[in-house]
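# Structural features, examined
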Amino acid sequence: MDMTDQLQEEIDREIAANKILVYGKGTKTMPRCGFTLETIQFFEGFGFPFEVVDVLENMPKREALSEMTNWPTLPKIFINGKFYGDTDIVGPMAQKGELQQILLETFGHAGEPKTTINLH
Amino acid sequence: MIDDTSLTALIRAEIPDAQVDIVDRTGTMDHFNVTVRSSAFAGKTLIEQHQLVYATLKAALKDGRVHAVELKTLLPDGNGHD
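Quick look at the structure, then.

Rules of the game
- Residues numbered from 1 in each chain as written.
- Chains lettered and ligands numbered in written order.
- Predicted model: local features only at pLDDT ≥ 70, side-chain atom pairs only at ≥ 80, totals over all residues.
- Buried ≥ 20, exposed ≤ 12 C-beta atoms within 10 Å, placed from the backbone.
- Helix = DSSP H or I, 4+ residues; strand = E, 2+ residues; numbered from the N terminus.
- Arc of directions from axis to C-beta.
- Contact = placed C-beta atoms within 7 Å.
- Pairing = 2+ DSSP bridges.
- Axes fitted to C-alpha atoms, helices over the stretch in contact; angles between N-to-C directions.
- Core = buried A, V, L, I, M, F, W, Y, C linked by C-beta atoms within 7 Å.
- Expected span 1.5 Å × (residues − 1).
- Bend = angle between axes of the 7 residues up to and from the residue.
- Parallel < 35°, antiparallel > 145°, perpendicular 65-115°, else oblique.
- Left-handed = near helix turned anticlockwise from the far one by under 90°.
- Nonpolar A, V, L, I, M, F, W, Y, C, P; charged D, E, K, R; others polar.

Further remarks concern helix α3 (residues 59-69) of chain A. Note on helix geometry: an α-helix contains 3.6 residues per turn, so any two residues three or four positions apart are oriented the same way. Residues and elements named next belong to chain A. Those residues of α3 not exposed but buried are Arg62, Ala64 and Leu65. Around the axis of α3, the buried residues are gathered within 160° of arc, so they sit on the same side. Among the exposed residues of α3, those oriented more than 90 degrees off its buried face are Met59, Pro60 and Glu67. Contacts from the buried residues of α3 go to α1 (3-17), β1 (20-24) and β3 (76-79). Positive phi shows up at Asn70, right after α3, with a value of about 55°.

Written out as structure tokens, the structure is:
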């Protein structure tokens, strides 16, 4: 098996293992790009589990992902195995309520956004 | 680093009727807000519209002339997609 196949297998496995998967620059706790941070904050607002895979230093994997999606930039969002571009795509989808519907169908239940407790 | 004229030319090479508005986000001429209006987007989903534009910028993104793009695609009459 050559390297391209190995990368593709790794990507397929990651996408299959995470209902919401973001390929980005940096990690969830330490994003290293404004757009990756923006995407993390975006999904935190929905209250569903999501994973971020850091590919900043992994050029071959970034290349494989770009070829696979016809999308040259990071971050890249996958939901339920399907590519959804970045927040320029899912942002407007959320405004129209389409994304909420997709997430509801993907997870089979409503999201649980973190609630803030106010102690007066 | 790329100037507005060159960036617009890259997009128009593939999407001839594109009206392109560019904002340099960082003053470094490599992080842009790009708005493209074109009749080529008719009947395409938002993601397909973006893929069409990104295809024109593929080389510039790969060689580093462009680092980041926040993209907006619109039909010539104003509204975006579906």
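Residues and elements named next belong to chain B. A sheet is described by the order of its strands in space; here three strands give the open sequence β1-β2-β3, paired in mixed fashion. Lying at the two open borders of the sheet, with one neighbouring strand each, are β1 (19-24) and β3 (68-74). When the angles between neighbouring strand axes are averaged without regard to direction, this sheet yields 15°. In this sheet, strand β2 (residues 31-37) lies alongside β1 in antiparallel orientation, the contact comprising six bridges.

Okay, the nonpolar core next. Val22, Tyr23, Ile77 and Tyr84 of chain A are the most contacted members of the largest nonpolar core, which has 20 residues in total. Mapped onto this core, the elements with two or more residues apiece are β1, α2 (34-44), β2 (51-54), α3, β3 and α4 (87-95) of chain A together with α2 (46-62) of chain B. Judged by nonpolar contacts, the second largest core, of 14 residues, contains Leu7, Ile15, Leu57 and Val69 of chain B.

All names here are of chain A. Following the sequence through the fold, Lys76 ends up in strand β3. Here the alpha-carbon distance between Lys76 and Asn58, two residues 18 residues apart in the chain, equals 14 Å. Setting aside chain neighbours within four positions, we find Lys76 in contact with Tyr23, Leu65, Thr69, Trp71, Phe83 and Asp86.

Residues and elements named next belong to chain A. Following Leu74, the chain continues into Pro75 via a peptide bond in cis, with omega recorded as 0°. Mapped onto the elements of the fold, Pro75 is located in the loop between α3 and β3. Although it is not a glycine, Asn70 sits at a positive phi angle of roughly 55°. Along the chain, Asn70 falls in the loop between α3 and β3. The residue Asn80 is not glycine, and still its phi comes out positive at about 50°. Topologically, Asn80 is positioned in the loop between β3 and β4 (82-83). The exposure class of Asn80 is partly exposed, given the 16 C-beta atoms found within 10 Å.

Looking now at α2 of chain B. With 17 residues, α2 of chain B ought to run about 24 Å at 1.5 Å a step, and its terminal C-alpha atoms sit 23 Å apart, in line with that. The axis of α2 of chain B is deflected most strongly, by about 50°, at Thr56 of chain B. Along α2 of chain B, the residues classified as buried are Leu46, Ile47, Gln49, His50, Leu52, Val53 and Leu57 of chain B. Turning to α2 of chain B, the residues buried within the fold contact α4 of chain A together with α1 (4-14), β2 and β3 of chain B. Phi for Gly64 of chain B, located one or two positions after α2 of chain B, is positive at around 95°.

So, about the packing of α4 of chain A against α2 of chain B. Relative to each other, α4 of chain A and α2 of chain B sit at 160°, their axes nearing to 10 Å. As summarised for this structure, α4 of chain A and α2 of chain B are arranged roughly antiparallel, according to the angle between their axes. Of the two possible hands of crossing, α4 of chain A and α2 of chain B adopt the one that is right-handed. Along the contact surface, α4 of chain A presents Asp88, Ile89 and Pro92 of chain A, while α2 of chain B presents Leu46, Ile47 and His50 of chain B. Across the contact of α4 of chain A with α2 of chain B, the residue classes tally to four nonpolar, one polar and one charged.

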